[in-house]
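Below are the chains, spelled out letter by letter.
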Amino acid sequence: MPPTGTPPSPLSQHAPTSLDAWWMPFTANRQFKAAPRLLVRAEGMYYHDVDDRPILDGAAGLWCCNAGHARPRIVQAIQEQAATLDFAPPFQMGTPLPFVLAQRLAALAPGPLNHAFFTNSGSEAVDTAMKIVLGYHRLRGEGQRTRFIGREKAYHGVGFGGLSIGGLPNNRRGFGPLLAGSDFLRHTLDLSRNAFTPGLPRHGAELAEDLERLIALHDASTIAAVFVEPIAGSAGVILPAPGYLKRLREICDQHGILLVFDEVITGFGRVGNAFAAQRFGVTPDLLTMAKGLTNGAVPMGAVMVSDAIHAAYMQGPPGAIELFHGYTYSGHPLACAAALAALDTYAAEGLFDRAIELGEYWQTRLHSLRGLPNVVDIRNFGLIGAVELAPRKDAPGSRGFEVFERCFRDGALLVRCTGDVIALSPPLIIDRAQIDRIMDVLGEMIRATA
């Protein structure tokens, strides 16, 4: 049941006199402002809109509120930290919290990923990882390794680095040539062979060999790193076949290329375990994270770096700055407090296991939508799901948006829509009855949408 009795805060009652001043991100602004969808408060599994309707959150906000909303431990930590130390400069100064958080993350991360560099978002984490990679090769006398390999349909944020290795055409086409020297693996979405496969697709492991083609084209000695999302979320939940990521690791090792996992979406229990790297049994050289790091409560990202990469930088005079890079808000006290409280919440409630415990039920209920009008594929892994709809002729994306809109207006359900793909990633605190509600509402809205 949705929460009741929580009084709205004074801030939640603010009402704008106009919507024009805010230029909204990744939004059709004119369409939105003609019929806005405004949320004013949240608790547990539910948002509340301006009419105080409880809206079941089927998307964990934006893939980030893995423990649900307004969790007391996280709220209290932010409040206490704001009253104790609101900000301290991270350049040539420090506070205890980022050191404590880095230790906690090193204990959670796989293998030798024992060093954290803090950023403010996943986009910044990716750009930071790219710079660390370039500097690492230069320090080792291989400065000619400047080329990055991304993947078609990938999303690595919106910085110029992340855009340059991202493979979503709409994100790229308006901004010129971006950074030179990037190339792209083929994506792993194959509806002809894998449509409606429960869990990981049966076919596609061989697509990892596409990296050998790019190595032959460019010469391995020019390639700095391969960036991949273990599961591509923003493109509509694109899954790897068993063995695909392992083979990428093998090829990178063979040619001295670094492997970077972008786990901004898959981190912190979304697919089970702390990170998808552990669930899939493949350890990268660097790992980017954000979103669930603070449960979405305060902006924060991080790059986890292997011992070998970190050691390459820790040379030269002790008084020399090793990496000329950073942000005013790197390791921000409020973000660290939120992250530590989020990690405590995940641990206390066993949330990293929830995607495994509920995975089979989630899969069964999600695939029960097969056969509904215009449904051409259903994909799932952990507590991630996607329902792909056939596009309308001459209006791609319109059917998916209509289902998204109907879910919110008529079904009091928040889902994500990426073109004609409805993506699902609920908070890990979800129960079976709430899973049923998500699937029932989504099915009803798909039937209602021609």
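Basis of the calculations
- All residue numbers here refer to positions counted from 1 along the written sequence of the relevant chain.
- Predicted model: local features are reported for residues with pLDDT of at least 70 only, side-chain atom pairs are reported and counted for 80 or more only, and whole-chain, interface and lining totals are derived from all residues.
- Values shown for side chains rest on all heavy atoms present in the structure; no hydrogens or waters enter the calculation.
- Helix and strand assignments follow DSSP, with helices taken as H or I runs no shorter than four residues and strands as E runs no shorter than two, numbered in order from the N terminus.
- Here a helix's expected span is defined as the number of its residues, less one, multiplied by 1.5 Å.
- Burial classes follow relative accessibility: with a 1.4 Å probe on protein chains only, a residue under 20% of its type's maximum area counts as buried, one over 50% as exposed, and anything between as partly exposed.
- Strand pairing follows a simple DSSP-based rule, namely that at least 2 bridges must link the two strands.
- For each domain, the first and last residues come from an automatic or database assignment.
- The contact criterion used is simple: two residues touch if any of their non-hydrogen atoms lie within 4.5 Å.
- Once two parts are put together, the accessible area they lose, assessed with a 1.4 Å probe and summed over both, is termed the buried area.
- The salt bridge definition used is simple: a Lys or Arg side-chain nitrogen within 4 Å of an Asp or Glu carboxyl oxygen.
- A 3.5 Å cut-off defines polar contacts: any pair of N or O atoms within that distance qualifies, except that in protein one atom must be a possible hydrogen donor and the other a possible acceptor, and neighbouring residues in sequence count only when both atoms are side-chain atoms.
- Three classes are used: nonpolar for Ala, Val, Leu, Ile, Met, Phe, Trp, Tyr, Cys and Pro, charged for Asp, Glu, Lys and Arg, and polar for all others, with Gly counted as polar.

1. Brief notes about helix H16 (residues 398-411)
One full turn of an α-helix is made of 3.6 residues, so residues set three or four places apart face in the same direction. The end-to-end C-alpha separation of H16 is 18 Å, in line with the 20 Å expected for 14 residues at 1.5 Å each. For H16, the full list of buried residues reads Arg399, Gly400, Val403, Phe404, Glu405, Cys407, Phe408 and Gly411. Alanine 412 lies just past H16 and shows a positive phi near 50°.

2. Details of the sheet that holds strand S1 (residues 39-43)
The strand order across the open sheet built from four strands is S1-S2-S3-S13, with neighbouring strands paired in mixed fashion. Sheet topology places S1 and strand S13 (413-414) at the edges, where each strand pairs with a single neighbour. Examined bridge by bridge, strand S2 (residues 46-49) and strand S3 (residues 54-57) share three bridges and lie antiparallel to one another. Directly across from tyrosine 46, in S3, lies its bridge partner leucine 56.

3. Some details on unusual backbone geometry
With the exception of glycine, most residues fall at negative phi, and the peptide bonds are largely trans. Of note in the backbone geometry, phenylalanine 26 takes a positive phi value of approximately 45° without being a glycine. Tracing the sequence through the fold places phenylalanine 26 in the segment before helix H1 (29-34). A positive phi angle, near 40°, is found at lysine 291, a position not held by glycine. Within the secondary structure, lysine 291 sits in the loop between strand S9 (286-289) and strand S10 (301-306). Relative accessible area serves as the criterion here: at 24%, lysine 291 is assigned to the partly exposed category.

4. Here's the deal with the domain arrangement of the protein
Domain boundaries in the protein define domain 1 (10-67 + 352-449) and domain 2 (75-348). Put simply, the middle of domain 1 and the middle of domain 2, counted by C-alpha atoms, are 26 Å apart. The interface of domain 1 with domain 2 comprises 34 residues on the first partner and 37 residues on the second. Between domain 1 and domain 2 the total buried area reaches about 3,000 Å² when both faces are included, carbon and sulfur atoms providing 65% of it. Of all residues in domain 1, the largest losses of buried area upon contact with domain 2 belong to Trp63, Phe352 and Phe381, amounting jointly to 29% of the total for that side. On the surface where domain 1 and domain 2 come into contact, there are zero salt bridges. Viewed at the interface, domain 2 and domain 1 are joined by 15 residue pairs in polar contact (both at pLDDT 80 or more). Within the residue set of the side of domain 1 that touches domain 2, elements represented by two or more residues are helix H2 (60-63), helix H14 (354-357), helix H15 (359-367), strand S11 (375-381), strand S12 (384-389) and strand S15 (421-424). At seven residues, S11 tops the list of elements feeding residues into the side of domain 1 that touches domain 2. A per-class count over the side of domain 1 that touches domain 2 returns 22 nonpolar, eight polar and four charged.

5. Regarding the pattern of salt bridges
By the definition in use, this model includes 24 salt bridges. Residues glutamate 402 and arginine 406 are paired through a salt bridge, measuring 3.0 Å at the closest nitrogen-oxygen approach. Highlighted residues: glutamate 402 and arginine 406, both in helix H16, separated by four residues, approximately one helical turn. Glutamate 402 sits in the partly exposed class, given a relative accessible area of 23%. On the basis of relative accessible area, arginine 406 is assigned to the partly exposed category, the value being 25%. We note a salt bridge from glutamate 405 to arginine 409, for which the minimum N-O separation is 2.7 Å. Of this pair, glutamate 405 and arginine 409 both sit in helix H16, four residues apart, which is roughly one turn of that helix.

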